[in-house]
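# Architecture and fold: a report
Listed below, chain by chain, are the residues.
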Amino acid sequence: MALTWISREEIKNVLTYERLIPEMETALAQFSNGSVVQPVRTIVPVSKVNGFLGVMPAYSQEQGALATKLVTFFPNNKDVPTHNAIIVMFNPDSGVPELLMDGDVITTMRTAAVSAVATKLFCGDDPQVLAILGSGVQARSHFHALTSLFSFKKINVWSKTLSNAQKLADEINGTAYDSAEMAVRDADVIVTVTSSSVPVLKKDWVKPGAHINAVGACRPDWQEIDPALMTSAVVFVDSRTAACQESGDVILSGAEVYAELGEVINNVKDKPKGETTLFKSLGR
Ligand SMILES: NC(=O)c1ccc[n+]([C@@H]2O[C@H](COP(=O)([O-])OP(=O)(O)OC[C@H]3O[C@@H](n4cnc5c(N)ncnc54)[C@H](O)[C@@H]3O)[C@@H](O)[C@H]2O)c1
Ligand SMILES: O=C(O)[C@@H]1CCCCN1
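Calculation criteria
Residues numbered from 1 in each chain as written. Chains lettered and ligands numbered in written order. Predicted model: local features only at pLDDT ≥ 70, side-chain atom pairs only at ≥ 80, totals over all residues. Heavy atoms only, no water. Helix = DSSP H or I, 4+ residues; strand = E, 2+ residues; numbered from the N terminus. Rg over C-alpha atoms; globule rule 2.2 N^0.38 Å. Buried < 20%, exposed > 50% of the residue type's maximum accessible area, 1.4 Å probe, protein only. Areas by Shrake-Rupley, 256 points an atom, 1.4 Å probe, with all protein chains shown as cover. Lys, Arg positive; Asp, Glu negative; His and termini not counted. Charge placed at Lys NZ, Arg CZ, Asp CG, Glu CD. 1 Å grid on protein atoms, 1.4 Å probe; cavity = no way out; pocket = protein on both sides within 12 Å on 5 of 7 lines; lining within 4 Å. Points joined across faces, edges and corners; volume = space filled by probe spheres on them. Nonpolar A, V, L, I, M, F, W, Y, C, P; charged D, E, K, R; others polar. Domains from an automatic or database assignment. Contact = heavy atoms within 4.5 Å. Buried area = accessible area lost by both parts, 1.4 Å probe. Salt bridge = Lys/Arg side-chain N within 4 Å of Asp/Glu carboxyl O. Near = heavy atom within 4 Å. Polar contact = N/O pair within 3.5 Å; in protein donor to acceptor, adjacent residues only side chain to side chain.

A count of helices and strands for the protein chain gives 10 helices and 15 strands. Against the globule reference of 19 Å for 284 residues, the protein chain gives a C-alpha radius of gyration of 18 Å, in line with a compact fold. In terms of principal-axis extent, the alpha carbons of the protein chain reach across some 55 × 45 × 35 Å. Residues counted as buried form 50% of the 284 residues belonging to the protein chain. Carbon and sulfur atoms make up 53% of the accessible area of the protein chain, which amounts to about 13,000 Å² in all. When the 25 basic and 31 acidic side-chain charges of the protein chain are each reduced to a single mean position, those positions are 4 Å apart.

So, in structure tokens, the structure goes:
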């Protein structure tokens, strides 16, 4: 049985945020109601480059999908992307592998789409200021996903290298800052998409009632968020099990996980009103 290859160009031609955001909302709801089998991923450390290989299987009887994403994260990559992924799909009745597809575009877009679902749930109708900490692939995908839902009047960008922040700001008609604190001060929505293993966002900088999408720090000994912010915000996750095993921001701060996004979507958990909310995204 020949494997069919689906390229990133083919995926880019059909995948839009208008389509993907509601799809991810459905996927989060199905994950949290138990109709998807998706164990915590296996991580194979590649310590010489401070990277890892992630093996991410899932099965949905409802969707008729049996798949595994293989993703590498080599944060020190310079001439190639830091994240590289492929996805294998198997026939759920026979187990025969049928599709092999690019996983880069899907990882880039689905991650931002899930953050957009969280922002839509918690941010009210009209957030005015967006702050993005980081200027890489996820910074750009989060800009596109969030601006497909909201018309921000101001977009602030910080990155550890100011020239990179300025480059992204120029692309998106935003404002670059050389201080993360100044970038987030007036923000209603904050996105942290860095490869930092130590906090880049502090509690005292965040406007009460803001929503934070914390997308980086995917290892139990990595943090992107100030523990004081983790323990004062209302914390949401994509997967409670994964967060408690993989998220240094949750584990090292001792923060309580209030709910999975899917539990809010399924009306199993209420939305907080007026409080600072934080979605700790680990991905899938
Ligand atoms: N939650 C998810 O589903 C998911 C999916 C993909 C990527 N990620 C994570 O999101 C983060 C960003 O991913 P990306 O694809 O944009 O990566 P990228 O390599 O394209 O960008 C990384 C950004 O982080 C910055 N950075 C690197 N080291 C830093 C440090 N020590 N302090 C501050 N900034 C630093 C870089 O300058 C760059 O702007 C990574 O941590 C990645 O693992 C999460
Ligand atoms: O779910 C993913 O695809 C990413 C891989 C890199 C680490 C964070 N999660």
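Let us now look at the layout of surface pockets. For the second largest pocket, the calculated volume is near 1,200 Å³. In this structure, the second largest pocket is lined by 34 residues; those nearest its centre are Met 24, Ala 27, Ala 65, Met 89 and Ile 106. Of all the secondary-structure elements, those providing two or more residues to the lining of the second largest pocket are helix H1 (8–14), helix H2 (17–32), strand E4 (51–60), strand E5 (65–73), strand E6 (83–90) and helix H3 (104–122). At 8 residues, H2 tops the list of elements feeding residues into the lining of the second largest pocket. Grouping the constituent residues of the lining of the second largest pocket by class yields 21 nonpolar, 7 polar and 6 charged. Split by domain, the residues of the lining of the second largest pocket number at least three in each of domain 1 (4–106) and domain 2 (113–280).

For the protein chain, the assigned domains read domain 1 (4–106) and domain 2 (113–280). A C-alpha centroid distance of 22 Å is found between domain 1 and domain 2. The partner domain 2 presents 26 residues to the 17 residues of domain 1 that form the contact. Between domain 1 and domain 2, roughly 1,900 Å² of surface is buried when both sides are summed, and carbon and sulfur atoms account for 70% of that area. Contact with domain 2 buries area across many residues of domain 1, yet Tyr 17, Ile 21 and Leu 28 alone supply 31% of it, more than any other trio. Our enumeration of links across domain 1 and domain 2 arrives at 2 salt bridges.

The subject of this paragraph is the site of ligand 1. As a matter of local geometry, ligand 1 sits amid 23 residues, with Ser 135, Gln 138, Thr 194, Ser 281 and Gly 283 nearest to it. Measuring from an oxygen atom of ligand 1, one finds a backbone N or O atom of Gly 136 at 3.5 Å. Within the side chain of Ser 159, an N or O atom sits 3.4 Å from an oxygen atom of ligand 1. About the coverage of ligand 1: the protein hides 84% of its 850 Å² of free accessible area.

Turning our attention to the site of ligand 2. By nearness alone, every residue bordering ligand 2 is listed as Arg 41, Phe 52, Met 56, Lys 69, Val 71, His 83, Thr 107, Cys 218, Leu 282, Gly 283 and Arg 284. Residue Leu 282 places a main-chain N or O atom 3.0 Å away from a nitrogen atom belonging to ligand 2. Calculation on ligand 2 without its partners gives an accessible area of 260 Å², and the protein chains cover 92% of this total. Split by residue class, the shell around ligand 2 holds 5 nonpolar, 3 polar and 3 charged.

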